[in-house]
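# Structure at a glance
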Amino acid sequence: MENSVDTLNQKIEWFESAEEASATSRREAERDRDYFDAKQHTSDEKKKLNARGQPVVTINRIRPKVEYLTGIEKQTRKDPKAFPRTPMDEETASAATDGIRYACDASQWDAHRSAAWENMLVEGIGIVEVGAKRTRDGVDPYIKSVPWDRFFYDPYSADPYFTDAMYLGYVVWMDRETAERMFPDGKDAIEQTMLSVRPSDTYDDKPKYKLWADGKRNRVRIVQMWHRESGQWQHSIFTKGGWLQEPQTSPYLDENGEPECAIKAASAYVDRDNNRYGVVRDMISPQDEINKRRSKALHLLSVRQSRMSRAMAGDKVRVRSELARPDGIVVADRDDFDILPTGDMAAAQFQLLQEAKNEIDRLGPNAALQGKNEATMSGRAILAQQQGGMVEVASLMDRLRNLSLEVYKSVWNRIRQFWTAERWVRITDDQRNTRFVGFNKPVTYAEAAAKQLQGDPEAEQKLMMLAADPRAQMVIGTENNPAEINVDIVIDEGIDTPTIQAEQFDMLTKMVGAGMPIPPDVLIEASSLRNKEKLLQMLRQPPAPEQQAAQQIALEGEAAKVNKTKSETMKNLADAQKAITPDAQLYLPQTAAG
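Throughout this description, residue numbers start from 1 for each chain and increase along the sequence as written. In keeping with the predicted nature of the model, local features appear solely for residues at pLDDT of at least 70, side-chain atom pairs appear and are counted solely at 80 or more, and the whole-chain, interface and lining totals rest on all residues. Water and hydrogen atoms were dropped before computing side-chain values, which therefore reflect all heavy atoms in the structure.

### Considering the overall build of the protein
The line we're drawing: Only runs of H or I of at least four residues qualify as helices and only runs of E of at least two qualify as strands under DSSP, and these elements are numbered from the N terminus. The cut-offs for exposure are 20% and 50% of the maximum accessible area for each residue type, with area from a 1.4 Å probe on protein chains only; residues under the lower value are buried, those over the upper are exposed, and the others partly exposed. The Shrake-Rupley method, run with a 1.4 Å probe, gives the accessible areas here. Residue values count only the displayed protein chains as cover.
Of the regular secondary structure elements, the protein holds 19 helices and 19 strands. The buried share of the protein, reckoned over its 594 residues, is 40%. Per element, the accessible surface of the protein, about 34,400 Å² overall, is 51% carbon and sulfur.

### Some remarks on helix 2 (residues 23–36)
The following threshold applies: An expected span of 1.5 Å times one less than the residue number is assigned to each helix.
Across its 14 residues, helix 2 extends 20 Å between first and last C-alpha, which sits within 8% of the 20 Å expected from 1.5 Å per residue. Directly beyond the C-terminal end of helix 2, a positive phi value near 70° is found at Ala38.

### Side note on the pattern of salt bridges
We apply this condition: What counts as a salt bridge is simple: a side-chain nitrogen of Lys or Arg found within 4 Å of a carboxyl oxygen of Asp or Glu.
Considering all chains together, one arrives at 24 salt bridges under this definition. Across the pair Arg31 and Asp32 runs a salt bridge whose closest N-O atoms are separated by 3.3 Å. Between Arg176 and Glu180 there is a salt bridge whose closest N-O contact spans 3.0 Å. You can see Arg176 and its partner Glu180 sitting in helix 7 (residues 176–182), 4 residues apart, about one turn around the helix. Salt bridges sharing partners connect three or more residues here, namely Glu28, Arg31, Asp32 and Arg281.

### With respect to the packing of helix 2 against helix 6 (residues 109–122)
Keep this limit in mind: Axis definition: a line fitted to C-alpha atoms, over the contacting stretch in the case of helices. Angles run 0 to 180 degrees between N-to-C directions. Each angle receives one of four descriptions, namely roughly parallel if under 35 degrees, roughly antiparallel if over 145, roughly perpendicular if within 65 to 115, and oblique otherwise. Contact between two residues is taken to exist if any of their heavy atoms lie within 4.5 Å; hydrogens are not considered. Amino acids outside the nonpolar list (Ala, Val, Leu, Ile, Met, Phe, Trp, Tyr, Cys, Pro) and the charged list (Asp, Glu, Lys, Arg) are all regarded as polar, and Gly is one of them.
Running from N to C, helix 2 and helix 6 point in directions that differ by 105°, and their axes come no closer than 9 Å. Classified by the interaxial angle, the pair formed by helix 2 and helix 6 is roughly perpendicular. Contacts between helix 2 and helix 6 involve Asp32, Arg33 and Phe36 from the former and Glu118, Asn119 and Val122 from the latter. Looking at the contact of helix 2 with helix 6 residue by residue, the classes come out as 2 nonpolar, 1 polar and 3 charged.

### Let's talk about the sheet that holds strand 3 (residues 138–145)
For clarity, the threshold we go by: Whether two strands pair depends on DSSP finding at least two bridges between them.
Pairing in this open sheet of 3 strands is antiparallel, and the strands run 3-2-10 from one edge to the other. The sheet terminates laterally at strand 3 and strand 10 (263–267), the two strands that pair on one side only. Neighbour to neighbour, the strand axes of the sheet diverge by 15° on average, direction disregarded. Contacting strand 2 (125–135), strand 3 and strand 10, helix 6 runs over the sheet at an angle of about 155° to strand 2.

### Let's talk about the environment of Glu177
Tracing the backbone shows Glu177 in helix 7. Distance in space between the C-alpha atoms of Glu177 and Arg219 is 8.4 Å, their sequence separation being 42 residues.

### Brief notes about the nonpolar core
To keep it simple, the criterion reads: Among buried residues, the Ala, Val, Leu, Ile, Met, Phe, Trp, Tyr and Cys ones that are joined through side-chain atoms within 4.5 Å form a nonpolar core.
Ile62, Trp117, Val128, Val411 and Trp412 are the most contacted members of the largest nonpolar core, which has 51 residues in total. The next biggest cluster of nonpolar side chains, apart from the first, holds 21 residues, and it includes Ile127, Val146, Cys261 and Ala262.

### Brief notes about the side chain of Asp214
What counts here: Note on charges: Lys and Arg go in the positive column, Asp and Glu in the negative column, and His and the chain ends are not counted at all. Counted as a polar contact is a pair of N or O atoms within 3.5 Å, where, for protein atoms, one must be capable of donating a hydrogen and the other of accepting one, and residues adjacent in sequence contribute only when both atoms are in side chains.
Relative to the helices and strands, Asp214 is located in strand 6 (residues 213–214). For the buried Asp214, no salt bridge is present, and the opposite-charge side chain at shortest range is Arg219, 5.1 Å distant. A distance of 3.4 Å separates a polar side-chain atom of Asp214 from the backbone nitrogen of Arg217.

### Points about helix 5 (residues 90–106)
The end-to-end C-alpha distance of helix 5 is 26 Å, a good match for the 24 Å that 17 residues give at a rise of 1.5 Å each. Among all positions of helix 5, only Thr92, Ala93, Ala95, Ala96, Thr97, Asp98, Gly99, Ile100, Arg101, Ala103 and Cys104 are buried. Downstream of helix 5 by one or two residues, Gln108 has phi in the positive range, about 55°.

### Thoughts on the packing of aromatic side chains
Applied cut-off: Pairing of aromatic side chains here covers Phe, Tyr and the six-membered ring of Trp, requires ring centres within 6.5 Å, and sorts the geometry by plane angle: under 30 degrees stacked, over 60 edge-to-face, intermediate tilted. Any Lys NZ or Arg CZ found within 6 Å of a ring centre and within 35 degrees of that ring's normal is scored as a charge over the ring.
Taken as a whole, this structure holds 14 aromatic pairs when the rule is applied. Centre to centre, the rings of Trp109 and Tyr408 are 6.0 Å apart; their planes meet at 75°, and the pair counts as edge-to-face. In this pair, Trp109 is assigned in helix 6 and Tyr408 in helix 12 (residues 379–418), connecting sequence segments 299 residues apart. Residue Trp109 is classed as buried on the basis of its relative accessible area of 3%. Among the aromatic residues, those joined into a ring-pair cluster are Trp14, Phe15, Phe152, Tyr167 and Trp212. For Lys11, the ring lying beneath its charged end belongs to Trp14, and the centroid distance is 4.8 Å.

### Quick word on unusual backbone geometry
At Ser230, a residue that is not glycine, the phi angle is positive and equals roughly 55°. The residue Ser230 is located in the loop between strand 7 (219–229) and strand 8 (232–239) in this model. In this model, Asn440 sits at a positive phi of 55°, which is unusual for a non-glycine residue. Tracing the backbone shows Asn440 in the loop between strand 16 (435–439) and strand 17 (441–444).

### Points about the confidence of the model for the protein
Counted only if it meets this: Per-residue confidence from the predictor is reported as pLDDT, which spans 0 to 100.
Taken residue by residue, the protein gives an average pLDDT of 78. The fraction at 70 or more is 64%. Considering each helix and strand of the protein separately, the mean pLDDT is smallest for helix 19 (residues 582–585), with a value of 44, and largest for strand 10, with 97.

### Some points on the packing of helix 4 (residues 62–75) against helix 6
Definition in use: Whether a crossing is left-handed or right-handed is set by the direction in which the near helix is turned from the far one by less than a right angle, anticlockwise for left-handed and clockwise for right-handed.
At their nearest, the axes of helix 4 and helix 6 sit 10 Å apart, and the two run at 145° to each other. Judged by the twist between their axes, the crossing of helix 4 over helix 6 is right-handed. Packed against helix 4, whose contacting residues are Val66, Leu69, Thr70, Glu73 and Lys74, the element helix 6 presents Arg113, Ser114, Trp117, Glu118, Leu121 and Val122 at the interface. Across the contact of helix 4 with helix 6, the residue classes break down as 5 nonpolar, 2 polar and 4 charged.

### A word on the environment of Arg219
Relative to the helices and strands, Arg219 resides in strand 7. We classify Arg219 as buried; its relative accessible area is 13%. Remark: the alpha-carbon pair of Arg219 and Ala179, spanning 40 residues in sequence, is separated by 8.6 Å.

Laid out in structure tokens, this is it:
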């Protein structure tokens, strides 16, 4: 028990160390999120601006940048595909592809991926958990995104994907009643936590109370941690007062059968102090300048400075009020009062404002890439700018691609581990037909023999003889056993934008119009058609036997029509020859029949 207490204290120390080490980084990440949400002025700044009569201006140029990158993620989504590692896996690789896609669709992976991508862009870290849960059909993989402000990690980790981290985890706030129902053996630990007080920061409940427990709402903070022990991943759940689940070997296995961490995370950028940050960080300074210079310029244009004699100094309040009015009147002698010109200051502010706008436009997706360039440019110049803008975000897209690939690998590992019984999944990628794929499907002696007899001219006779064999219904193996399928998972994910793709497709269609023989599958591949992989597969596969028969019948019918037309023409020509004089027949062309 003493050893268990020491281990618990170590885990609490790890968590609090991660919390304290990342305090500055998390505060800056919270600020980055506020700027994305157009909360770009502090309360002190607003008070100062209001005191001097200067408008509080917020022109949010950060959100469009981030939303464009999230839009790219949505438009470049590609399904994973499994490729066989050995010739024996060629027939089963397609089943692995279908299984991974089914699990991703069931977990609404697209939504979780988008949430992780946005966190990566704004706060700097995208986090996904890949686990397994019991359903009515058995044990299925599940995927869920973890909010960045619930995630903690080893502060000594420097790798963008946290492969060198000693521990990872996240915190969850629960109502006490729910926590006690989920962890009935941990009631004492929850009780002790409710009596404790521990200041916190980002990981606080909403609203924030900076405690391990919230007495007002009767809620408790629970930590789920994955950590390495002797080179293997272990999982534990605890709170300040004690264990809710003592450390145990991870229940999830990787492709080599070793315990695996369920958390997959990726960082947009990592500085030399191991702080993680996103694309918003570079935009904070120019965004502040835009807001402040726009506010200052508006203030200079809406107020006027004046100079008056000491004799008029007693009326300066009234004079200021009159100058602020569009129809204000100031009565004074010529030597007693004049207005000081400030147009040069306003013009300078506007000039610097434009410089700040150009600076923030240069960061991330450029104006041409976003389709917002108002300059008169040729199509080729616009395409070049778009391609240049995509090069700048290519490294970010690569981080997302690698994170997605790790998720797909873990999903397949869960399938291999937990789909041990017969299982059927429905594939809905075909708009016309519903398709089912079976895993661990029992194979009888008759089914195996029928498969081997494919293409044999005497197959039908042999199968009739096999039906009377008592071994026909004997199960001799299984089909599509995930544990025996050896595949590599690949994502064919690019960064081409729809505009660039449309430009390339337009060039191909013009080449076809000019007479260049371009195969149809090349045109489909270059297009932005939905489900084009399915169209290519349908185009390349040979027609079904019944379709071939129908095509043959159609060809024979067309040939019969041609022969009939030819026969009728010959008969009409012969009748015409008989109807005219013999002398005239000498000048008629001789037919094949004549």
